[in-house]
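Architecture at a glance
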Amino acid sequence: MTDRCSAASCQGPYGGENGPENCGDLGRFEVARHLRAPLRVCPVHLGPALLLAEGVLWPPGIILVR
Ligand SMILES: [Zn+2]
């Protein structure tokens, strides 16, 4: 699904599984997901990803990674 290399950049706003429209910015947060790899997102897409990405836990688990 997501390899470690691409996980360094933002996978927002919908989790990198919705086609080529990925953001490409540096991912600064990791959002924990149910039965999926954590979602790496930039600050701009943190909010949309929480609400729109598949499998996001609620309340969300967010880690600041850099
Ligand atoms: Zn982004």
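Just above sits the structure.
Notes on the structure in this doc start here. Bear in mind the structure is a predicted one, so any value in this text is a computation, not a measurement.

1. Some words on the sheet that holds strand β2 (residues 39-41)
The strand order across the open sheet formed by three strands is β2-β1-β3, and the pairing between neighbours is antiparallel. Every other strand in the sheet has two partners, leaving β2 and β3 (62-64) as the edge strands with one partner each. Neighbour to neighbour, the strand axes of the sheet diverge by 25 degrees on average, direction disregarded. Pairing of strand β1 (residues 29-31) with β2, which is carried by three bridges, proceeds in the antiparallel orientation. The residue of β2 that forms the bridge with Phe29 is Val41. Of the strands in this sheet, β1 and β2 touch helix α1 (residues 43-52), which is tilted by about 145 degrees from β2.

2. Thoughts on unusual backbone geometry
Note that the residue after Trp58, namely Pro59, is joined by a cis bond; omega there is 0 degrees. Mapping Pro59 onto the fold places it in the loop between α1 and β3. The phi dihedral of Leu35 is positive, around 60 degrees, even though this residue is not glycine. Leu35 sits in the exposed class, given 6 other C-beta atoms within 10 Å.

3. Describing the nonpolar core
Counting residues in each nonpolar core, the largest one holds nine residues, listed as Cys10, Phe29, Val31, Leu39, Val41, Ala49, Leu50, Ala53 and Val56. Secondary-structure elements contributing two or more residues to this core are β1, β2 and α1. Ignoring sequence-local partners within four residues, the contact set of Val41 consists of Cys10, Gln11, Gly12, Gly27, Phe29, Val31, Leu46 and Ala49.

About the cut-offs
- Residues numbered from 1 in each chain as written.
- Predicted model: local features only at pLDDT ≥ 70, side-chain atom pairs only at ≥ 80, totals over all residues.
- Pairing = 2+ DSSP bridges.
- Helix = DSSP H or I, 4+ residues; strand = E, 2+ residues; numbered from the N terminus.
- Axes fitted to C-alpha atoms, helices over the stretch in contact; angles between N-to-C directions.
- Contact = placed C-beta atoms within 7 Å.
- Buried ≥ 20, exposed ≤ 12 C-beta atoms within 10 Å, placed from the backbone.
- Core = buried A, V, L, I, M, F, W, Y, C linked by C-beta atoms within 7 Å.

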